[in-house]
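Coordinate inspection notes
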Amino acid sequence: MRFLLVEDSEDLARAVASRLAMEGHGVDHAATLEDARHFLESAPYDLILLDISLPDGDGRDFLVRERAARRDTPVIMMTASASVSDRVSTLDQGADDYITKPFDFAELQARCRAVLRRRDGAADSRRHFAGFIFDALAATLTIGNETRELRARELRLLEILLSRPGQAYSKAHLIDRLFSFDEEVSDNAIEVYVGRLRRKLEGSGARLETLRGVGYRLIPE
Amino acid sequence: MRRLARLVDPTRITSLRRRLVWQFLVLSAALVLGLFLTVGWVADRASRASQDAVLGAAVTAITEGIRSVDEGLELDLPYATFSMLGAMGEERVFYAVTVGGRVVTGYDDLPGPESPVLDMAPVLWTADYRGARLRLAAVGRPMLIENRLQPVTVILGQTRLGQAAIARDTARSAAWAALAFLALALPVALLAAQAVLAPIRSLAEVMGRQGPRDLRPVRHRTPRELAPLLGALNGLIARLRAALDLAETFIFEAAHRIRTPLSLVRTEAELALSETTDPATRIRLRRMVRAIGESSRSANQLLDHAMVMYRTDQFAAAPLDLAALTRAVARAVAPLADMRDIDMTTSGLDRPCGVQGDERMLEIALRNILDNAVKYAAPEGRIEVSLVQEDGQAVLAVADDGRGLSDDPVQLVTPFRRGGNVGDVGGSGLGLTIVTEVAAAHRGRFRLSPRKKGGTCALLHLPLA
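Model, not experiment: these values are computed from the prediction.

Rules and cut-offs
Residues numbered from 1 in each chain as written. Chains lettered and ligands numbered in written order. Predicted model: local features only at pLDDT ≥ 70, side-chain atom pairs only at ≥ 80, totals over all residues. Heavy atoms only, no water. Helix = DSSP H or I, 4+ residues; strand = E, 2+ residues; numbered from the N terminus. Buried < 20%, exposed > 50% of the residue type's maximum accessible area, 1.4 Å probe, protein only. Contact = heavy atoms within 4.5 Å. Pairing = 2+ DSSP bridges. Salt bridge = Lys/Arg side-chain N within 4 Å of Asp/Glu carboxyl O. Polar contact = N/O pair within 3.5 Å; in protein donor to acceptor, adjacent residues only side chain to side chain. Phe/Tyr/Trp six-rings, centres within 6.5 Å; stacked < 30°, edge-to-face > 60°. Patch = residues over 30% accessible without salt bridge, like charges linked within 9 Å, V, L, I, M, F, W, Y side chains within 5 Å. Areas by Shrake-Rupley, 256 points an atom, 1.4 Å probe, with all protein chains shown as cover. Core = buried A, V, L, I, M, F, W, Y, C linked by side-chain atoms within 4.5 Å. 1 Å grid on protein atoms, 1.4 Å probe; cavity = no way out; pocket = protein on both sides within 12 Å on 5 of 7 lines; lining within 4 Å. Points joined across faces, edges and corners; volume = space filled by probe spheres on them. Nonpolar A, V, L, I, M, F, W, Y, C, P; charged D, E, K, R; others polar.

**A closer look at the overall build of chain B**
Check the secondary structure of chain B and you find ten helices and 14 strands. Looking at chain B residue by residue over its 465 residues, the buried ones come to 38%. Partitioning the contacts of chain B with sequence separation of at least 6, the portion at a separation of at least 24 is 61%.

Given below as structure tokens:
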């Protein structure tokens, strides 16, 4: 997916962009509303992450203008104040959702997905690999004529493995990305999801391989 | 005396209305007294003038009746004149006729005029005679007596009893009229005070109608004299609004400045976590990320709690649809549930459910209830949100299939108190306190109860509108 991140703190923007890139997303960074307008004019985006206070204005006013001009790229507001009035007002002004800083990336990911699902998908969310088609928004795996439903964590696991096929991911790394940091998770929790995904991938021409002492990777058979 | 002075002292009267009535009455009394004295004085003068006219006419008539005859003078007392003089009650009349300063007839000790009276224009004066005050008139006329032209003077005196009686009568009537005016002044004073104070009352009413959170300037047509008061009031409102705006901007700015670097720390920590394989470093970084999550959650809840306390103090209920609000909050929480593969179902949210309440407070309460359910539901568990309307109450039930309750549910709502079975799940211990306070402010109630099949059910009762 292609994100436009509108955030004035250079450091935070860079870190968020790296973190989103880790998920396989492309990110452009605009430090001002002016920049954001240029980016939006030159390329289509799947989602805008919009900060509220920016050096050249209020993100909410920008949002109102965008919506008034019938430009309806989904927007998730990043609020730093977390007061209810902000939450309510951002939604009234046409934001699709909001997230409070500092945010949990698992939550951001979940919110982005929910927004895009509600908006009935933006860009093509389907991905071909080996003998299956993976649709992250629909949460389905299609093998031939058969469509298999994926639960949220199976989907996340497949997404991570698919972002760099063939690369091995450690259990610990997968746990960090699959679970929210305030959940209590045992090291073996990941095995449950690996087992389930493996079953759903049966007959797909791809294999979820266990590398003893290293982790897991997805490879074509 | 001092007590009376205290009673009348207008600065001691706290009611403006009473003060106005008092002042009006005191002023009326002074006016009425003045009027009474004036009437008395004018009446006295008028009766005196009429007595003088009668006396003058009488003395002239007597003098004209004097004829010079051979034996001397012949005096023909005109009785009609005397009866006219006696008409004013029990008057006594005295007279004296002098020729060349010698009394020839009448009371020879009757006081004479200061200087000899020589013509027919009556001279009038007042003197005491035989224990009574007399009004006296005299005219003079030279007459040929014993072939000599001699001055003849006639003095006529009359007691003043009748004139005093007239003055007394007039004074009495005037006093009654004054009392009647005073009696009339009281209701008039009350009415006048009412009318004068009406604009103040209507201004107070307009201000009273303005809601507790309404900091717009008061717009109201007032008399010119109240304009400075209204101006001062609107000035105060403007200053208050500016102060509140400043505080809000300050909190917003402070939160922004703290949260932005915290976001950076958290993101960098997550990135570092993905790049390191060293188990000890990983544990440290995980702890760091968790602590940041914890601190921001606590900050949110403290702000929510402060907001709920503030809004409870200024509670202003408005009609709202609890079903729509629950739908909105459920939608906001859904991604969090989905992230954990928790199945969230809702029922009864398609039917409008009108309650009287503060939308922001209820949003905070619902969010806390649902966040709690997501946090404590079993992995890949279920949350059932249902809204029913029964016995004039809206009952929102949020049931999860999690670890249930290890502590007395009543104890759990005390601030910063967390259950003994929360394990690793982060939290500030304020969520349930917030929900309970919101419920109480809406005259509803909140309780947690264990479910038979395991898990917890949170029940929020609110009175239906």
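From this point on, the discussion continues.
**Re the pairing of strand E13 (residues 215-220) of chain A**
Residues and elements named next belong to chain A. Two strands pair when backbone bridges link them, and strand E12 (residues 206-211) and E13 are joined in this way by six bridges, in the antiparallel orientation. Residue pairing in the sheet places Glu209 in a bridge with Arg217 of E13. The hairpin formed by E12 and E13 contains three residues between the paired strands, and Gly213 there has a positive phi angle of roughly 80°.

**A closer look at the interface of chain B and chain A**
Interface extent is often summarised as the accessible area lost during association of the parts. If you look at the interface, chain B gives 44 residues, while chain A gives 50 residues. The residue Asp176 of chain A makes a salt bridge to Arg282 of chain B at a minimum N-O spacing of 2.4 Å. Our count for the chain B to chain A interface comes out at 16 residue pairs in polar contact (both at pLDDT 80 or more). Elements supplying a minimum of two residues to the side of chain B that touches chain A: helix H5 (227-275), helix H6 (279-313), helix H7 (322-339) and helix H8 (359-376) of chain B. Per-element accounting of the side of chain B that touches chain A gives the leading share, 15 residues, to H5 of chain B.

**With respect to the pattern of salt bridges**
Applying the stated rule across the entire model yields 40 salt bridges over all chains. A salt bridge links Asp96 of chain A to Arg67 of chain A; the nearest nitrogen and oxygen atoms lie 3.2 Å apart. Residue Asp96 of chain A is found in the loop between helix H4 (84-92) and strand E7 (97-100), and its partner Arg67 of chain A is found in helix H3 (residues 59-68); the two are separated by 29 residues along the sequence. Linking Arg133 of chain B and Asp128 of chain B is a salt bridge whose minimum nitrogen-to-oxygen distance equals 3.2 Å. A cluster of three or more residues bridged by salt bridges with shared partners is formed by Arg19, Glu23, Asp104, Arg113, Arg156, Glu159 and Arg177 of chain A together with Arg266 and Glu270 of chain B.

**Looking at unusual backbone geometry**
All names here are of chain A. In this chain, Lys101 is followed by Pro102 through a cis amide linkage whose omega measures -10°. Along the chain, Pro102 turns up in the loop between E7 and helix H5 (105-118). The residue Ala130 is not glycine, and still its phi comes out positive at about 45°. Mapped onto the secondary structure, Ala130 falls in the loop between strand E8 (126-129) and strand E9 (132-135).

**Remarks on the packing of aromatic side chains**
Tallied over the entire structure, the rule returns five aromatic pairs over all chains. An angle of 70° between the planes, with centres 5.5 Å apart, marks the rings of Phe103 of chain A and Phe105 of chain A as edge-to-face. Pairing Phe94 of chain B with Tyr129 of chain B gives two aromatic rings, centres 5.1 Å apart and planes at 85°, and the pair type is edge-to-face. With a gap of 35 residues between them, Phe94 of chain B in strand E3 (residues 93-99) and Tyr129 of chain B in strand E5 (residues 123-129) connect regions that are remote in the sequence. As far as burial versus exposure is concerned, Phe94 of chain B and Tyr129 of chain B are alike and both buried. Grouping aromatic residues by their ring pairs yields a cluster made of Phe94, Tyr107 and Tyr129 of chain B.

**Focus: a nonpolar patch on the surface**
On the surface, Phe24, Leu184 and Val188 of chain B cluster together to form a nonpolar patch covering roughly 250 Å² of accessible area. Along the chain, Leu184 of chain B falls in helix H4 (residues 161-209).

**Considerations on helix H7 (residues 171-178) of chain A**
In terms of residue burial, H7 of chain A counts as a mostly covered element, since six of its eight residues are buried. Looking only at H7 of chain A, the buried set comprises His173, Leu174, Ile175, Asp176, Arg177 and Leu178 of chain A.

**Thoughts on the nonpolar core**
The biggest cluster of nonpolar side chains holds 44 residues, and the ones touching the most others in it are Leu322, Ile383, Val398, Phe446 and Leu460 of chain B. Taken together, the elements giving at least two residues each to this core come down to H6, H7, H8, strand E11 (382-390), strand E12 (393-400), helix H10 (431-441), strand E13 (445-450) and strand E14 (456-463) of chain B. Among the elements that line this core, the one with the most residues is H8 of chain B, at nine residues. If near-sequence neighbours (up to four positions away) are discounted, Val398 of chain B is found in contact with Ile369, Leu370, Ala373, Ile383, Glu384, Val385, Thr456, Cys457 and Ala458 of chain B. Counting 29 residues, the second largest nonpolar core, distinct from the first, contains Phe129, Ile143, Tyr169 and Ile190 of chain A.

**Considerations on empty space enclosed by the protein**
With the rule as written, the count across this model stands at four cavities of 30 Å³ or more. As for the second largest cavity, its lining consists of Ala106, Gln109, Ala110, Arg113, Arg117, Ala152, Leu155 and Arg156 of chain A together with Asp338 and Met339 of chain B. Considered class by class, the residues forming the lining of the second largest cavity number five nonpolar, one polar and four charged.

**Details of the pairing of strand E2 (residues 72-75) of chain B**
Residues and elements named next belong to chain B. Summarising the sheet, strand E1 (residues 66-69) and E2 pair through four bridges and their orientation is antiparallel. Among the inter-strand pairings, Val69 is bridged to a residue of E2, identified as Gly72. Joining the antiparallel neighbours E1 and E2 is a turn of two residues.

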